[in-house]
Structure formats: structure tokens, C-alpha cells
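Topology and contacts: notes
Here's the letter readout for the chains.
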Amino acid sequence: MRAAIAGVLLAACLAAGSTPAADPKPADGWTDLMRPDVWKKFDPGWITTDAVRLDPEKMTRLKAEKKANGPVWVNGEKGRLPDLVTREGFGDCEVHVEFLIAQRSNSGIKFHAVYEVQILDTFGKKDLSGDSMGGIYPRAEDKPKYHHIDKGIAPRVNAARPAGEWQTLDVVWKSPRFDAKGEKVANAAVVRAVLNGEVIHENQELKTPTGSNWNKKETPTGPFMLQADHGPVAFRNVRIRPAAKK
């Protein structure tokens, strides 16, 4: 009798052990980007934690205690790590990003790694541009010194929250279109962008990439990027999924 029970328990254990790992792309299509393996280069300097806040002694920094496999990622103690760029390329897609920045901090999300929606501490600012929180970043040139050559595309409203608070950005992205010869026939577009529950862009075309990437060749797909080298920023619940092509 004991042998029979042991056999049943062993079979159950073997069956449990053979269960496949959770699918990183569940039925709803979302890919969880809070996994080091989805990025081309994941710097070990990232801090994983379960809580983050402004450093009370220096509000331009973030303070977080390390915790293994914490759901929050912080870009190091100084806020300057290499950008995160996905291994996978994406065309039309939706992204959900939750972030927290220090005072005067600067980050961003980039589609195809060249079209940027700005993340910047501009809470309360009235004169908005593409260099404001949620703006489509201006075109720029690197020489003789980095400078903007236009104002980019300002968000409809300033929906930014104060530094030190969690914020949410949802974007539906449409990639540029090309004909059979590879010639561009339609611009890329932010179909819809919602920052902290407020619509900041809708059906907004981008004639070129942004920043100093503006004269780079455009492509139908490309990697997704989180900017991590311009100041302290924390991320959580970052995910992406293909959008229905129209």
C-alpha cells in the first residue's frame, strides 16, 4: 500500500516538474519587458527593488534598497546606465510604461530606437514643447554642440506629475509604410498617447525620427528602447504587444 502511494506521489511530482514555463507572450499578446533576457545588453548596475523614492538628502537622486527579483528597476545609484534596447524588433505596437523620475531627471521611450516620446521633469510648466513630459522630442544636431533645430511636437496638455510620483504612459504606435521598392509612402505616427489618464497625442504624424537620429533611414520595424543614461529613473510594469495593422 505504501509503495502504491509513493508511486502515485512520484508520478504527480514528475508531472508537475514537466509543466512548461509560463509563456512570455500570454493570450492577450503582451510581452513582459521587465525581464533582462529581452534586452540586447542588460547592465548589472540596474537595481531591482520593491520600493523607490526621492533621496531626501538630494532630490535629484533616487533611493532604493536592493531586492532580488524586485518588480521595480532603477538605473543605478547615479542614474546613468546604457540604454535598454530590445532584441526583438516591432512594427505597429502598443506599449505600457510606468516610471518614476527624480527632480530635473530626463528619460524617454523610443520606437525603433529613434522616435522618442520624452520623459522629463516638467511638472507645472506652462510653455510646452516636444522637450516637455510626453512631448515628441525635437530634431537635433550633435555638432558643434548638441542643440535642437526645431521645437518637436508638444503634448496637448501638461499631464506630468511631480518628481517622485509614479506615472503611466500608454502609446499606440504606427510604423512608417513602404512600397515594394522600399520607398516611404506614409509617415510614422503616434496613433494615441495617454499620460496619467490624459490624452496628449492623437493621430500625430512624425515626418522623421527625432533627436540627432532625424536623418537616419527609416524602417518598417525596429527595437523598442528605454532611455537610461540621462538621470535617475525607475521603471515597472513595462510591456509591449503588436497592434492591429491599419
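What comes next concerns the included structure. Given the structure is predicted, the values throughout are model-derived calculations rather than measurements.

Definitions and limits used
- Residues numbered from 1 in each chain as written.
- Predicted model: local features only at pLDDT ≥ 70, side-chain atom pairs only at ≥ 80, totals over all residues.
- Heavy atoms only, no water.
- Salt bridge = Lys/Arg side-chain N within 4 Å of Asp/Glu carboxyl O.
- Helix = DSSP H or I, 4+ residues; strand = E, 2+ residues; numbered from the N terminus.
- Buried < 20%, exposed > 50% of the residue type's maximum accessible area, 1.4 Å probe, protein only.
- Core = buried A, V, L, I, M, F, W, Y, C linked by side-chain atoms within 4.5 Å.
- Pairing = 2+ DSSP bridges.
- Phe/Tyr/Trp six-rings, centres within 6.5 Å; stacked < 30°, edge-to-face > 60°.
- Lys NZ or Arg CZ within 6 Å of the ring centre and 35° of its normal.
- Contact = heavy atoms within 4.5 Å.

Side note on the pattern of salt bridges
Per the stated rule, a full pass over the model turns up ten salt bridges. The shortest N-O distance in the salt bridge between Arg-156 and Glu-202 comes to 3.4 Å. Residue Arg-156 is located in the loop between β11 (147-148) and β12 (167-174), and its partner Glu-202 is located in strand β16 (residues 198-206); the two are separated by 46 residues in the primary sequence. Overall, the relative accessible area of 53% leaves Arg-156 in the exposed class. Its salt-bridge partner being Arg-192, residue Glu-202 comes within 3.0 Å of it at the nearest N-O pair. Linking Glu-202 in strand β16 with Arg-192 in strand β15 (residues 188-195), this pair joins segments that are ten residues apart in sequence.

Some words on the nonpolar core
Nonpolar side chains in soluble globular proteins tend to be buried together. The biggest cluster of nonpolar side chains holds 40 residues, and the ones touching the most others in it are Phe-99, Ile-109, Phe-111 and Phe-224. Ranked by residues supplied to this core, first place goes to strand β7 (residues 93-101) with five residues. Within the second largest apolar cluster, ten residues are counted, among which are Ile-47, Leu-54, Val-72 and Val-74.

Brief notes about the pairing of β15
In terms of residue burial, β15 counts as a mostly covered element, since six of its eight residues are buried. Connecting β15 to the antiparallel partner β16 that follows it, the hairpin turn spans two residues, and Asn-196 within it adopts a positive phi of roughly 50°.

Remarks on unusual backbone geometry
Geometrically, the link from Lys-143 to Pro-144 is a cis peptide bond, its omega value of 0° lying close to zero. In this fold, Pro-144 is placed in the loop between β10 (140-141) and β11. We note that Ala-113 has phi near 65°; this positive angle belongs to a residue other than glycine. Assignment of secondary structure puts Ala-113 in the loop between β8 (106-111) and β9 (115-120). Not every positive phi belongs to a glycine, and Asn-203 is a case in point at roughly 50°. Look at Asn-203 and you get exposed, because its relative accessible area is 61%.

Looking at the packing of aromatic side chains
This structure, assessed with the given rule, holds seven aromatic pairs. Here the aromatic rings of Trp-46 and Trp-73 are separated by 6.1 Å at their centres, their planes lie at 55°, and the arrangement is tilted. Placement of the pair is Trp-46 in the loop between β1 (31-32) and β2 (47-49) and Trp-73 in strand β5 (residues 72-74), with a sequence separation of 27 residues. Exposure class is identical for Trp-46 and Trp-73. Each is buried. An aromatic cluster is built from Phe-42, Trp-46, Trp-73 and Phe-235, whose rings are joined through pairwise contacts. The aromatic ring of Trp-214 is capped on one face by Arg-139, whose charged end is 4.8 Å from the ring centroid. The aromatic ring of Trp-30 is capped on one face by Arg-239, whose charged end is 5.1 Å from the ring centroid.

What to know about the environment of Leu-81
Here Leu-81 is to be found in the loop between β5 and β6 (84-90). Residue class for Leu-81 comes out buried when judged on its relative accessible area of 11%. With 38 residues separating them along the chain, Leu-81 and Asp-43 place their C-alpha atoms 7.1 Å apart. In contact with Leu-81, not counting residues within four places along its chain, are Asp-43, Gly-45, Trp-46, Asn-75, Gly-76, Ala-228 and Asp-229.

Quick notes on the pairing of β8
Of all six residues that make up β8, six are buried, and the element is covered over most of its length. Going residue by residue along β8, you find Asn-106, Gly-108 and Lys-110 tucked away on one face and Ser-107, Ile-109 and Phe-111 tucked away on the opposite face as well. As judged from the six bridges shared by β8 and β9, these two strands associate in the antiparallel manner. Across the sheet, the residue bridging to Asn-106 is Leu-120, located in β9. Connecting β8 to the next strand, β9, in antiparallel fashion are three residues, including His-112 with a positive phi near 60°. Of the strand pairs in this sheet, β8 and strand β17 (residues 222-226) are connected by three bridges, and their pairing is antiparallel. Counted as the bridge partner of Ile-109 is Leu-226 from β17.

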